[in-house]
Amino acid sequence: MHLKDLIQPTLDSVWIHFTDIAAGKNIQLTHKTAVDLSDPVVHALKEYDKVASGGRRAIVGLKFDEDSEKILGHFIALVACLRSGHVFCPLGGSAGSTHKNEPFCQNLSPSKVESENKNVSDQSDVNVSTDKQCSNVSAALETASSLGCGLLLTSARVSPSSRLLLKWPEIYLTELAGNSQLPGNIDSYLLSRELEYLITTSGTTGEPKPVFVTGSSIIPNVLDIKKAFQVTAEDRIFLSSPLTFDPSLIDIFVSLAAGCQLAVVPSRQKLTHGGDIVLKLGVTILQCTPSLVKIMLNQIDDKPANKQDIKLRVLAVGGEICSPKVKSIMRSLMKDNVRIFHLYGLTEMSVWQSMIQIDENNLDKMPIYTVSKNLLSQVEIQSHAKDNEKQGEVIIFSTTRLCFDKNGMSFSPLNTGDLAEWNGPDLCWTGRSDSQVKILGQKLNLDHLNSRISTILNRETFSLYHKAQTTENEKSMIITFVLNEEPLISKYQINLMLQKHLRPQELPTQIILLPKFPLNRHNKIDRNALKDLIKTENGASENTFKNVDEKLEIIANLWKDLIGNAPNDEDNFINAGGDSFLAVNLVNSAMTLIPDIKESLFEVLVEKTFKDVKCFISNETTIKDESLQYPSKRLKLEQDEDLQENVPKIYENKEITVKLKGRTSFVQNTQSKANLGNIELDITKELRFQSKWKVDFEKCIDGSPIYVSLNREQYLVCGAHSGLIKCLTPENGECLWELRLPDRIESSPATAIINHSNISQSAVVLIGCFDFCLYALCLQTGVIKWSFKTEGIVKCTPLFLPPTAVYFGSYDHYFYKLDLESGSLSWKVKISESSIYTTPVFLPPYKGLLTASLDGTVACLDADSGDITWRLELGRPVFANPLYDEVLNCVYVCCVDCNVYAVSPTGEKLWSVDVGGPIFSSPVIYESQGERILCFGCHDNQVYGVNLESKRIIWEMKLFSPVYSSLDIVQVKSQVGNFTSIIILCATTQGDVYLLCHKKHETEAINDKTPTEKSTTNSFVTEPISSTAKSELDFSPVASNPAILASARLPGNVFSSPLYLRNNSVIVGCRDNFLYCFSIQA
């Protein structure tokens, strides 16, 4: 069977119905008229064959104006080619088109159109001599010749030798020289009459290439689709695709085979009159891209009155991923009994190779293939994932549907380059293999990422990988375009939504809002036009240096996009609502958009005002070493007269417990192991967080609470942005005392335990404040013993070393040693030109102190003299507290550059582990079954476990949002059975608090489960973890991963590190201003 057998030459019903909606013009051609009009063209083609050597039929190029009624000539010329047995090649021809993927980049100039039907075989004397036309003619002839065309049928004269075959619609025949032979085996296929047409691929997934299509390949496609759509002579199919896009051939051939109408409009009106086309033309079958669905059907979907007039009964989409809006339109059409089909295929195997009917059960997945449900025959589709991977490349096989390249080689089996993942019997597209990019050292599939972004925002999006040139190297960028339809959305709102669900390397570097997406000739989103928009949006090419005003405008816009408000001169980024996460994102984005920006912008951003940022950018002034003068009422600080006497020497007592950020230690931050106390908890039962109490601190809590057990009394101490520091009883939250310091508190408190004549003990609370001071308070009374003022805000948690040494860093770039008794300065040292956030760690064998700054400088100082013994430059900020491992004699430093480093006591990098995002969480170590595991949270929403012997990640737990705070780890002895387990307490920035269980020491089972609604039933949970979110939890990769024992969601973000107490209580601070206490109950 050949395509010519689909023609019905005696059928007198309408085939082509051309409508110019704007001009109010309607022209109809019946099946019989089209055949009659093709007679002179058939005659001319056969005359050419008589003089052609070898009996080979010439390849005939078809180029007709698609923006006027001249397009009618294309259908007559195509029928002529089918009747005469010539291979045809659509070459397109919308006026003014300049799309790079179209074979002809210019269009032929239109000539006068005769309005009457006449069969003309003689040559006309039409004049075509203009400079512009000569250029177009040259391009037309060159492209046709390069594809091996021997003849050219056009709607305008392209050469003085062009011969007018038909006056209306105009059809010219031009003979092209030098095409007697084609490469490889194509000549033999032409002689055998197996080939039906030649078409070029769109170039969307690579360079355009010619594809020779056989009748055995395209005809089953046409007949299968006709059968699945149940097409009859009463139907009206809309020609949605340009003539160079092979889905247009399905519309044409199905309409021929069924004897039904083919509705045709000028090309541009598909985008401008979408809804009118479907309604006024009475379209019953629509096959198009998802982008065109939204244009043509969105208006109808929005106006219920129009639905009464719609005659559409079949919608088939393919060629692009379906946005949430398109799926919504489909869902609405299903309710009106419109049948929906999802098409998948490549031109190399003739248009479509898979067609799946869509219903409510598979609409969200939109599979490209379903086992035993493919409505297209004679093809097999497979996808096999490699080891440890979920997705594999899609491969298409066929022994009958064969197409050939220019050398006559079959495309089957076809490696598509598409990636897909099996979901039961459904194969779901996940992206292109060539869309793999590397951001922050991690591989990403840009198509999959864009799909996730679109789902999160519930909007149509398109993401591109872009490289911007800086002064030193190229910066990799993800640019995401967002369709900003009603309800309108701001970049700030977009950033907030994406930060909750995406890992740091997945966050777009730049977001560009568009009122609509530009489409290419194939009605797909135009990548090239979007790339041009990037240059327009950024004001210039990224490799050019910008002036000061342009730089400041970029930074101000990034500021506004991230925290919602444009900056004023006196605004500080943190005070205005930002945090360290957002500051890192802003600087990373700025460095990609401004070639000569420096990373030290981060420090200015978080410490100083926008006015200082201006100075930094312009280099007009040198910024002084002074921090923000935060407006606050200064309090007169009273001295603790009871503690004016010499403080007795501190000594270790086993009954004294100090617990802070996952460590139980007499001297904080010197012990590398997690708390392994004798906690009893039956983890074989279903556990839940039960609220016990909450205490209002008036403003958000970012610092972590500290637990102290002293002289059989228990204390909880915590500070807040309100300046309040409160001491509470852990059991019921009763306030023992409170003190309001002059400014914000973000520092976590530390303690120094004091022995009074070996009979009783007291303790001093050490805490930093935004008023530049470090305070020493009496734990029992809250009375201030002393304060020491630096030249910058103090966020660092101090370190106390017996007998009387207090160490801490300040945002004035200095590291201090004070005397506990008097608060006097022993020495101060500047380790770099950057602020110090981290808590120092003591290296006992070396009497050294290790600290790190926000420019990535790691320094070791002599604890007695303050002399710097060595420095190590990591190049990116360090927020996490370093941790000393006394077993392996090294220090672990977690950095914003997505690495955890093992550093020797002499300052050498021993090894590093790369993770999926910046690390702000301080690491802890636990031991289980002979393994020592370094554990920490990450900004990529994961908690990691690194085996310290193998130096590799052995487990990771993916949660729903970044983990900024440190973990608390305890060893639990089961109340039932004889085994112990490692319990990990963690909190995410979104406000989720998790109790995880990693390993057990016996074989008794642990209740391995994801969060349930029962696990979030406490009264503080305002937003339960959804069932959708539960299904997204990832328990990958290599070793046994933690199981979730219980979870809860707090009403605000959490940056404070939670504490797990021996009575199975959990303490955690929240940005909703409250400190919470939960009990863990079965």
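Calculation notes
- Residues numbered from 1 in each chain as written.
- Predicted model: local features only at pLDDT ≥ 70, side-chain atom pairs only at ≥ 80, totals over all residues.
- Heavy atoms only, no water.
- Helix = DSSP H or I, 4+ residues; strand = E, 2+ residues; numbered from the N terminus.
- Contact = heavy atoms within 4.5 Å.
- Areas by Shrake-Rupley, 256 points an atom, 1.4 Å probe, with all protein chains shown as cover.
- Salt bridge = Lys/Arg side-chain N within 4 Å of Asp/Glu carboxyl O.
- Buried < 20%, exposed > 50% of the residue type's maximum accessible area, 1.4 Å probe, protein only.
- Core = buried A, V, L, I, M, F, W, Y, C linked by side-chain atoms within 4.5 Å.
- Phe/Tyr/Trp six-rings, centres within 6.5 Å; stacked < 30°, edge-to-face > 60°.
- Lys NZ or Arg CZ within 6 Å of the ring centre and 35° of its normal.
- Pairing = 2+ DSSP bridges.
- Axes fitted to C-alpha atoms, helices over the stretch in contact; angles between N-to-C directions.
- Expected span 1.5 Å × (residues − 1).
- Parallel < 35°, antiparallel > 145°, perpendicular 65-115°, else oblique.
- Left-handed = near helix turned anticlockwise from the far one by under 90°.
- Nonpolar A, V, L, I, M, F, W, Y, C, P; charged D, E, K, R; others polar.
- pLDDT = per-residue confidence, 0-100.
- 1 Å grid on protein atoms, 1.4 Å probe; cavity = no way out; pocket = protein on both sides within 12 Å on 5 of 7 lines; lining within 4 Å.
- Points joined across faces, edges and corners; volume = space filled by probe spheres on them.
- Lys, Arg positive; Asp, Glu negative; His and termini not counted.
- Polar contact = N/O pair within 3.5 Å; in protein donor to acceptor, adjacent residues only side chain to side chain.

Draft legend 1. Just the overall build of the protein chain, in detail. The helix and strand tally for the protein chain stands at 20 helices and 62 strands. For the protein chain, the proportion of contacts with a sequence separation of at least 24, taken over those separated by at least 6, is 62%. Roughly 40900 Å² of accessible area belongs to the protein chain as shown, and the carbon and sulfur atoms make up 46% of that amount.

Draft legend 2. Representation of the pattern of salt bridges in the model. The final tally for this structure, using the stated rule, is 24 salt bridges. Measuring nitrogen to oxygen at the nearest pair gives 3.0 Å for the salt bridge that ties Asp67 to Arg268. With Asp67 in the loop between β3 (59-63) and α3 (72-84) and Arg268 in the loop between β12 (261-264) and α8 (269-272), this pair connects stretches of sequence that are 201 residues apart. Here Arg331 makes a salt bridge to Asp364, at a shortest N to O gap of 3.3 Å. Taken together, the residues Arg331 in helix α12 (residues 324-335) and Asp364 in the loop between β16 (354-358) and β17 (369-370) connect sequence positions 33 residues apart. Relative accessible area serves as the criterion here: at 27%, Arg331 is assigned to the partly exposed category. The exposure class assigned to Asp364 is exposed, which follows from its relative accessible area of 55%.

Draft legend 3. The arrangement of the nonpolar core in detail. Core analysis: the biggest nonpolar cluster contains 85 residues, and Leu153, Tyr197, Ile218, Phe229 and Phe253 have the highest contact counts within it. Broken down by element, the residue count for this core peaks at 9 residues, all from α3. Leaving out residues up to four positions away in the same chain, Phe253 has contacts with Leu3, Leu6, Leu78, Leu82, Phe88, Tyr197, Ile218 and Val222. Among the nonpolar cores identified, the runner-up in size contains 54 residues, and Met477, Ile512, Leu582 and Val613 belong to it.

Draft legend 4. Region of the structure containing the packing of aromatic side chains. Across all of its chains, the model carries 23 aromatic pairs by this definition. Residues Tyr814 and Tyr816 carry aromatic rings whose centres are separated by 6.4 Å and whose planes lie at 55° to one another, so their mutual orientation is tilted. Tyr814 gets classed as partly exposed once you look at its relative accessible area, which sits at 25%. Grouped by ring-pair contacts, the aromatic residues Phe602, Tyr837, Phe879, Phe920, Tyr964 and Phe1055 constitute a single cluster. Of note, Lys694 hangs over the ring of Phe1074, and the distance from its end group to the ring centre comes to 4.5 Å. The ring centre of Tyr814 lies 4.4 Å from the NZ or CZ of Lys828, which sits over that ring.

Draft legend 5. Highlighting the sheet that holds strand β46 (residues 857-862). Across the sheet, 4 strands lie side by side as β44-β45-β46-β47; this open sheet has antiparallel pairing. Of all strands in the sheet, those bounded by a partner on one side alone are β44 (841-843) and β47 (868-873). The sheet shows a mean angle of 20° between the axes of neighbouring strands, direction not considered. Judged from the 5 bridges that link them, β46 and β47 form a sheet pairing that is antiparallel. Looking at the pairing, Val858 lines up with Leu872 of β47.

Draft legend 6. Quick peek at the pairing of strand β42 (residues 814-819). In terms of burial, β42 is largely enclosed, as 5 of its 6 residues are buried. The turn linking strand β41 (residues 805-809) back onto β42 is made up of 4 residues, and His813 within it adopts a positive phi angle of 85°. Hairpin connection from β42 to strand β43 (residues 825-830): 5 residues lie between these consecutive antiparallel strands, with Gly823 at a positive phi of about 75°.

Draft legend 7. Inspection of helix α6 (residues 215-229) at higher detail. Between the first and last C-alpha of α6 there are 21 Å, a value that for 15 residues agrees with the 21 Å anticipated at 1.5 Å per step. Residues of α6 that are buried: Gly215, Ser217, Ile218, Ile219, Pro220, Asn221, Val222, Asp224, Ile225, Ala228 and Phe229. Looking one or two places after α6, you find Gln230, whose phi comes out positive at around 55°.

Draft legend 8. Up close: the packing of helix α13 (residues 446-457) against helix α14 (residues 491-501). Relative to each other, α13 and α14 sit at 120°, their axes nearing to 10 Å. Considered as vectors, α13 and α14 are oriented oblique to each other. The hand of the α13/α14 crossing is right-handed. Contacts from Arg452, Ile453, Ile456 and Leu457 in α13 reach Ile494, Met497, Leu498 and His501 in α14. Of the residues that constitute the contact of α13 with α14, the class distribution is 6 nonpolar, 1 polar and 1 charged.

Draft legend 9. Examining the confidence of the model for the protein chain more closely. Of all residues in the protein chain, 79% attain a pLDDT of 70 or more, and the chain-wide mean is 79. Contacts of residues 94-136 to residues separated by more than four positions or lying in other chains number 101 contacts, the stretch itself having pLDDT below 50. pLDDT under 50 marks residues 1000-1039. Its contacts with residues more than four places away, or in other chains, come to 115 contacts.

Draft legend 10. Broad picture of helix α7 (residues 247-258). For α7, spanning 12 residues, the distance from its first C-alpha to its last is 17 Å, which sits close to the expected 16 Å at 1.5 Å a residue. By the criterion of burial, α7 is predominantly enclosed, with 12 of the 12 residues buried. By the burial criterion, the buried members of α7 are Pro247, Ser248, Leu249, Ile250, Asp251, Ile252, Phe253, Val254, Ser255, Leu256, Ala257 and Ala258. Following α7 by one or two positions, Gly259 has its phi on the positive side, about 70°.

Draft legend 11. Representation of unusual backbone geometry within the structure. Of the consecutive residues Trp168 and Pro169, the connecting peptide bond is found in the cis state with omega at -15°. Relative to the elements of secondary structure, Pro169 occurs in the loop between β7 (163-168) and β8 (171-175). Looking along the chain, the bond that leaves Pro802 and enters Pro803 is cis, with omega of 5°. One can find Pro803 in the loop between β40 (799-801) and β41. Look at Gln230: it is not a glycine, yet its phi comes out positive at around 55°. Here Gln230 lies in the loop between α6 and β11 (236-238). Despite not being glycine, Phe772 shows a phi value in the positive range, around 80°. Along the chain, Phe772 turns up in the loop between β37 (760-768) and β38 (773-778). For Phe772, a relative accessible area of 7% translates into the label buried.

Draft legend 12. Representation of empty space enclosed by the protein within the structure. Under the counting rule described, the total for this entry stands at 10 cavities of 30 Å³ or more. Empty space within the largest cavity amounts to approximately 320 Å³. What lines the largest cavity is a set of 28 residues, and nearest its centre among them are Asp702, Glu746, Tyr837, Tyr964 and Phe1055. Looking at the lining of the largest cavity residue by residue, the class counts come to 8 nonpolar, 13 polar and 7 charged.

Draft legend 13. Geometry of the sheet that holds strand β1 (residues 14-20). Across the sheet, which stays open at both edges, the 8 strands sit in the order β2-β1-β12-β11-β13-β14-β15-β16 with mixed pairing between neighbours. This sheet does not close on itself; its edge strands, each paired only once, are β2 (25-30) and β16. The average undirected angle you get between the axes of adjacent strands in this sheet is 20°. In this sheet, β2 lies alongside β1 in antiparallel orientation, the contact comprising 6 bridges. Pairing of Ile16 across the sheet is with Leu29, part of β2. Each of β1, β2 and β12 is contacted by α3, which is oriented at about 160° to β1, the strand it contacts most.

Draft legend 14. Representation of the side chain of Asp20 within the structure. Relative to the helices and strands, Asp20 is located in strand β1. The side chain of Asp20 is buried and forms no salt bridge, while Lys25, the nearest opposite charge, is found at 5.8 Å. A distance of 3.3 Å separates a polar atom in the side chain of Asp20 from the backbone nitrogen of Ala22. Sequence-distant contacts of Asp20, defined by excluding residues within four places in its chain, comprise Lys25, Pro266 and Gln269.

Draft legend 15. Quick look at the environment of Ser68. Take Ser68: it is sitting in the loop between β3 and α3. Of the polar contacts made by the side chain of Ser68, one reaches the side chain of Asp65; its length is 3.0 Å.

Draft legend 16. The environment of Phe411, seen in detail. With respect to the secondary-structure elements, Phe411 resides in the loop between β20 (403-404) and β21 (414-423). In this structure, the C-alpha to C-alpha distance between Phe411 and Glu348, residues 63 residues apart in sequence, is 6.3 Å.

Draft legend 17. Focus on the side chain of Ser1056. Turning to its location among the elements, Ser1056 is positioned in the loop between β59 (1043-1049) and β60 (1059-1061). For Ser1056, a relative accessible area of 0% gives the class buried. Here Gly703 takes part through its backbone oxygen, which lies 3.0 Å from a polar atom of the side chain of Ser1056. Ignoring any residue separated from it by four or fewer positions in sequence, one finds Ser1056 in contact with Ile701, Asp702, Gly703, Ser704, Pro705, Ser965, Val1068 and Gly1069.

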